[in-house]
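Here's the letter readout for the chains.
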Amino acid sequence: MKLIILKDYQSLSLCAADFIQQQLAAKPNLVLALPTGATPLGLYAELVRRAQKKQIDFSRATFFQPDEYVGLAQNNKNSFAFYLKKNFFAQLPIFPTKVNFFSGAAKDLAKVCLDYEKAIAQAGGLDVAILGIGQNGHIAFNEPGSALASRARVIDLTMETRRANSTAFGKTSAVPHRAVTLGLVDIMSAKKILLLVSGEQKAQALAKAVKGKVSPQVPASVLQSHPRVVIMADRLASSLINS
Ligand code: PGA
């Protein structure tokens, strides 16, 4: 694991944008998994800025989502698909053609999950999975207890996760109880993983993920056994790593 500690959120966002720009320069048809949440907003804003200035070109890249709420259609403003469109795809000079949304609103979710894994394989596999981490150590929506051998599937969200994600919904009870998520195997199959971590509320989860024992109780700890993981964390988020 390569750990890069940045002084603040702004530096983290710029450093992550540099990383993605380099990956895309080396492989214009890059296959990416794009996370949602508060953490990557600065990264998306910077990538959009660079794309508008023609410093970076996403037109040949392929995109996947690590996760999505069950029951929320793409046009629901709380869906992750909507978030990605609003904060990234729709702001690029040209809306990319190879966007694969994870259909959490479909009827047959088992089939959606199987098909999503197939689509990733057909695209040649994920080159870079960009991820955030939950305060409970989740990556994508692999909640504590997720098997290290888990695949794309429907998962019950913990109360902690629903609470953490409740702002957009107004109240925790309005947050869906279930999600579809790539499994830990799908994530570990990515050629490179970029984990973004910001804020002191993530310090404990990050310390456990990096220094603790690899365990389904801390799903992010599985990243310790991936050969090409880059973790970018700001000072607050990394405050417990050296203690
Ligand atoms: P956040 O979400 O960026 O909003 O903290 C991260 C996550 O829960 O994976």
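Model, not experiment: these values are computed from the prediction.

Chemist: When you look at the overall build of the chain in this model, what are you seeing that I'm missing?
Modeler: The helix and strand inventory of the chain stands at seven helices and 10 strands. Here the chain has a C-alpha radius of gyration of 17 Å; the compact-globule value for 243 residues is 18 Å, and the two agree. Out of the 243 residues belonging to the chain, those deemed buried represent 53%. In the chain, once contacts between residues fewer than 6 apart in sequence are set aside, the share between residues at least 24 apart is 78%. On the chain, roughly 10,800 Å² of surface is accessible, and the fraction owed to carbon and sulfur atoms is 54%. Measuring between centres, the 29 positive side-chain charges of the chain sit 2 Å from its 16 negative side-chain charges.

Chemist: Explanation requested: unusual backbone geometry in the structure shown.
Modeler: Phi is mostly negative for residues that are not glycine, and the peptide bonds are mostly trans. If you check the backbone angles, Lys54 has positive phi at about 65 degrees while not being a glycine. You can see Lys54 is positioned in the loop between α2 (41-52) and β3 (62-64). Accessibility expressed as a relative area gives 69% for Lys54, which makes it exposed. Non-glycine residue Ala140 carries a positive phi angle of around 45 degrees.

Chemist: Help me understand the pattern of salt bridges in this model?
Modeler: If charged atoms from side chains of opposite charge come close, those side chains can pair. Using the criterion set out here, one finds nine salt bridges in the structure. Here Asp115 makes a salt bridge to Lys111, at a shortest N to O gap of 2.7 Å. Residue Asp115 and its partner Lys111 are located together in helix α4 (residues 109-122), separated by four residues, close to a single helical turn. Under the relative-accessibility criterion, Asp115 is labelled partly exposed at 31%.

Chemist: Can you walk me through the packing of helix α1 (residues 9-26) against α2 in this structure?
Modeler: Think of two packed helices as two axes; the pair is described by the angle between the axes and how far apart they sit. In the contact formed by α1 and α2, the axes pass within 8 Å of each other and the chain directions differ by 50 degrees. Classified by the interaxial angle, the pair formed by α1 and α2 is oblique. Our pair here, α1 against α2, has a crossing hand that is right-handed. The segment α1 lies against α2, with Tyr9, Ser13, Leu14, Ala16, Ala17, Asp18, Ile20 and Gln21 engaging Leu41, Gly42, Leu43, Glu46, Leu47 and Arg50. Here the contact of α1 with α2 is built from residues that sort into eight nonpolar, three polar and three charged.

Chemist: Please clarify how the side chain of Ser79 should be interpreted in this entry.
Modeler: Of note, Ser79 is situated in the loop between β4 (67-69) and α3 (80-87). Those residues in contact with Ser79 that lie beyond four places of it in its chain are Glu68, Leu72, Ala73 and Gln74.

Chemist: It is not clear to me how the sheet that holds strand β7 (residues 153-156) should be interpreted in this structure. Could you clarify?
Modeler: What holds strands together in a sheet is hydrogen bonding between their backbones, with the strands either parallel or antiparallel. Ordered in space as β4-β8-β7, the three strands form an open sheet in which the pairing is antiparallel. The open sheet has two edge strands with one neighbour each: β4 and β7. Taken pair by pair, the neighbouring strands of this sheet meet at an average axis angle of 30 degrees, ignoring direction. Of the strand pairs in this sheet, β4 and strand β8 (residues 178-181) are connected by three bridges, and their pairing is antiparallel. Residue pairing in the sheet places Asp67 in a bridge with Thr181 of β8.

Chemist: Mind showing me how you'd approach the site of the ligand here?
Modeler: Close contacts around the ligand come from Gly37, Ala38, Thr39, Gly132, Ile133, Gly134, His138 and Lys202, and that covers them all. Between Thr39 and the ligand, the recorded distance is 2.5 Å, taken from a side-chain N or O atom to an oxygen atom. In this structure, Lys202 approaches the ligand through a side-chain N or O atom, which is 2.5 Å from an oxygen atom.

Scoring rules and cut-offs
Residues numbered from 1 in each chain as written. Predicted model: local features only at pLDDT ≥ 70, side-chain atom pairs only at ≥ 80, totals over all residues. Heavy atoms only, no water. Helix = DSSP H or I, 4+ residues; strand = E, 2+ residues; numbered from the N terminus. Rg over C-alpha atoms; globule rule 2.2 N^0.38 Å. Buried < 20%, exposed > 50% of the residue type's maximum accessible area, 1.4 Å probe, protein only. Contact = heavy atoms within 4.5 Å. Areas by Shrake-Rupley, 256 points an atom, 1.4 Å probe, with all protein chains shown as cover. Lys, Arg positive; Asp, Glu negative; His and termini not counted. Charge placed at Lys NZ, Arg CZ, Asp CG, Glu CD. Salt bridge = Lys/Arg side-chain N within 4 Å of Asp/Glu carboxyl O. Axes fitted to C-alpha atoms, helices over the stretch in contact; angles between N-to-C directions. Parallel < 35°, antiparallel > 145°, perpendicular 65-115°, else oblique. Left-handed = near helix turned anticlockwise from the far one by under 90°. Nonpolar A, V, L, I, M, F, W, Y, C, P; charged D, E, K, R; others polar. Pairing = 2+ DSSP bridges. Near = heavy atom within 4 Å. Polar contact = N/O pair within 3.5 Å; in protein donor to acceptor, adjacent residues only side chain to side chain.

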